[in-house]
2 protein chains.
Amino acid sequence: MLKQVQGGVCAAKGFTANGVHCGIRKNKTKRDLALVYSQVKCTAAAVYTKNLVKGAPLAVTKNNIADGYAQAVICNSGNANTCNANGIEIAEQTCALIAKELGISATDIVVASTGVIGQPLDITPIANGIPSLVSGLGAHSDFACEGIMTTDTKVKEIAVEFTAGRKTCRVGGIAKGSGMIHPNMATMLVFVTTDCRISAKMLQKALSADVESSFNMISVDGDTSTNDMVSVLANGMAGNEEIACEGEDYAAFCEALNAVTTYLCRGIAADGEGATKLLECKVCGAKDGQTAKTVAKSVVCSSLLKAAMFGADANWGRVLCAIGYSGAEVDVDKVGVAFRSKKGTIVVCEKGAGVEFSEEKAKEILLENEIEILISLDDGDGKATAWGCDLTYDYVKINGDYRT
Amino acid sequence: MLKQVQGGVCAAKGFTANGVHCGIRKNKTKRDLALVYSQVKCTAAAVYTKNLVKGAPLAVTKNNIADGYAQAVICNSGNANTCNANGIEIAEQTCALIAKELGISATDIVVASTGVIGQPLDITPIANGIPSLVSGLGAHSDFACEGIMTTDTKVKEIAVEFTAGRKTCRVGGIAKGSGMIHPNMATMLVFVTTDCRISAKMLQKALSADVESSFNMISVDGDTSTNDMVSVLANGMAGNEEIACEGEDYAAFCEALNAVTTYLCRGIAADGEGATKLLECKVCGAKDGQTAKTVAKSVVCSSLLKAAMFGADANWGRVLCAIGYSGAEVDVDKVGVAFRSKKGTIVVCEKGAGVEFSEEKAKEILLENEIEILISLDDGDGKATAWGCDLTYDYVKINGDYRT
């Protein structure tokens, strides 16, 4: 049984966090440096972007957690530290500085950056900000989340409680979106903490499996970022017997992890750049799970459908079109489509052809800010969900001149 | 030697065309029915969308030209005749009606439709419009082009003259865009005519090869349409000896065809929905041609880069990012990027890292309405060009409520 609890990334025992403005960004009211810290060493796991152009911090993190352990996460916003000649050096300096301040090893740090690509990252503001970042550590999951945000408009944090080995455990996480979101094996930045005791191997296994149906199923704009990363730190302070193989406890942990990641996925998609609506595409009746995933993701990625949803226009032909070019094997003459929101459900297509429906009712349903696009393929038991958002004037505005 | 000539789809001997308003659209000033006609029977070739959801007219056309011959093209706009239970029937009725009026066989018709998907197409306005459509046939390539336009803002037509077998031949074409443009083996609607005598087999061969580097290399919004089609009619009236195998004449024909298709590609991309700029991405130094194509297309498809170009923002990190997620094998540490327009050229990235450049000069270059994005991969001789456009407020506006 899962229970939602407060505290985000600080909900699990032994974790504290903080976020400060250190000066990478000009706007002094915006925190730009975040820290998540565990009292004790944690097993650690991460997944990274598959973009060939990778942020320097990812390489340093990968190296640091190669032994399966970490104790803190440091992340700056305002600069991606990517495509810079001295990127690795700066990321390593960041680790060294924060490790010294915390009194831990520099190789126990998960380091991340997000922001503009290709502008050298100055170590000075980071060095200056670290003392107050560490001295202010507390139950400040929200500050840490603010510190990693770029064009995000909302703090995205969540925590849940579950039981493993008769001990109460917690998993919590924070995430940033909100553009360049089309994760491939990872997403923008998501940091998860848990006090559950779980081996590094099983932690990585759980995370790698989870992202396939969570972060790999969201898209804001089809652009896979260079700096995507999801990491999990597990400090074992819940006192449960270590999860070292599959079984009941592992399943309980995976369920809790998925509750956290799914919540953050919805949050990232809903807070997509310029978005006014969360789109949730649920596909059922597919030949298999992969087919369902391919169809669901193609639909939430369609610029035309996304623009129609912004206009609350039940233009279901664009759903059919996106199914048709998805690359999935689908019998288009069996496809059914419906739109659903708080205001009700409306069927718009059956067996690949339009059915009469009330445009008025459709408009009422589509004016809500959470829209489900329900697709049945009548071809098996495969199902999948993908998340996206509408395409709006503000997406263009935000990205027409992001650097200034 | 190619020479550009006037006349579009009517430039080649024996071809006439027309476009009328028949009443599929409410706006009486918008032509919605187009005809291209040859005095004599033509060899015919076509390529079609790879979208699994296909417009009914495509199936009828495919069947009609299976024997390699056709004599006329009829196309309506305002309704795609796709995902309708009676779609095939309506497309066949259209062929029968126009064939009767022209006094030719109903199986010598290329039939096409473009517009909203999933709304039944009434035969009545088409039947009513056909007499004036036929009686008005003349050198009206522009009327025909207007008749197939949807959200296009400009007539896109071109013709060139070349020599085959010592005879002067002409190839001309018309095209529509302007949304749902991400062709896969074909594009939206392009109709090409020629008086060159060429066998149906060689005509198909030439067309199929051509689209790989022309229409398959453009994208407005990443949405592959259900109704894409490119067709060519060749009536042989130039009097050249039939081109029935590869050789000098075939090469001359292919060159002329490519001049027409490339011109139309640029026109479609520049007139993409809401577009203010044509983007031309030229990749060189790739391991092979396919790698170059993959990279070029990924770059012109990036929503983030498209928005940056709208804002005249030299955000080259987004170019690197799109190269990195393209799926192509690229050594990112060797990549060079420059922007070029009438106002000059500016190098922004060398060996995968940023170089200092004047933001002022970059802005001046990017404020032009034709922008070249030059990418060198320093890894071989492969090269390719892809065409796209910027992402603007008007794209969202046009597609937020397309059906009303």
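Residues numbered from 1 in each chain as written. Chains lettered and ligands numbered in written order. Predicted model: local features only at pLDDT ≥ 70, side-chain atom pairs only at ≥ 80, totals over all residues.

1. A short note on the sheet that holds strand β13 (residues 353-354) of chain B
Residue and element names in this part refer to chain B.
- Taken together, the six strands give an open sheet; going across it, the order is β13-β12-β11-β14-β10-β15, and neighbouring strands pair in mixed fashion. Only two strands of the sheet have a single partner each, and these edge strands are β13 and β15 (382-389).
- Note that strand β11 (residues 336-341) and strand β12 (residues 344-350) share five bridges and pair antiparallel. Residue phenylalanine 339 lies in a different strand from β12, and its bridge partner there is isoleucine 346. (Pairing = 2+ DSSP bridges. Helix = DSSP H or I, 4+ residues; strand = E, 2+ residues; numbered from the N terminus.)

2. Looking at the nonpolar core
- With 288 residues, the main nonpolar core has Leu35, Val299 and Ile375 of chain A together with Val299 of chain B as its most contacted residues.
- Not counting chain neighbours up to four residues away, the residues in contact with isoleucine 375 of chain A comprise Cys281, Val283, Val295, Val299, Val319, Ile323, Val335 and Val337 of chain A. (Core = buried A, V, L, I, M, F, W, Y, C linked by C-beta atoms within 7 Å. Buried ≥ 20, exposed ≤ 12 C-beta atoms within 10 Å, placed from the backbone. Contact = placed C-beta atoms within 7 Å.)

3. Re the interface of chain A and chain B
- Listed per partner, the contact involves 51 residues of chain A and 52 residues of chain B.
- Taken together, the elements giving at least two residues each to the side of chain A that touches chain B come down to α8 (303-310), α9 (317-324), β13 (353-354) and α11 (393-400) of chain A.
- A total of six residues in the side of chain A that touches chain B trace back to one element, the largest contributor, which is α9 of chain A.
- When grouped by side-chain class, the residues that make up the side of chain A that touches chain B number 25 nonpolar, 21 polar and five charged. (Nonpolar A, V, L, I, M, F, W, Y, C, P; charged D, E, K, R; others polar.)

4. Focus on the domain arrangement of chain A
All names here are of chain A.
- Each assigned domain of chain A is listed here: domain 1 (3-270) and domain 2 (278-400).
- With centres defined by C-alpha atoms, the gap from domain 1 to domain 2 works out at 32 Å.
- If you look at the interface, domain 1 gives 11 residues, while domain 2 gives 14 residues. (Domains from an automatic or database assignment.)

5. A look at the environment of alanine 234 of chain A
Residues and elements named next belong to chain A.
- The residue alanine 234 is located in strand β9 (residues 229-234) in this model.
- Overall, the presence of 30 C-beta atoms within 10 Å leaves alanine 234 in the buried class.
- Measuring from C-alpha to C-alpha, the distance between alanine 234 and threonine 124 comes to 31 Å, with 110 residues separating the pair along the chain.

6. Section: the sheet that holds strand β15 (residues 382-389) of chain A
Residues and elements named next belong to chain A.
- The six strands are arranged β13-β12-β11-β14-β10-β15 in an open sheet whose pairing can be described as mixed. The strands lining the two open edges of the sheet, one partner per strand, are β13 and β15.
- Bridge count for strand β10 (residues 278-286) against strand β14 (residues 370-376) is seven bridges, and the pairing is parallel. Across the sheet, the residue bridging to glutamate 280 is glutamate 372, located in β14.
- Helix-sheet contacts for helix α7 (residues 289-301) involve β10, β14 and β15, and the interaxial angle to β15 is about 20°. (Axes fitted to C-alpha atoms, helices over the stretch in contact; angles between N-to-C directions.)

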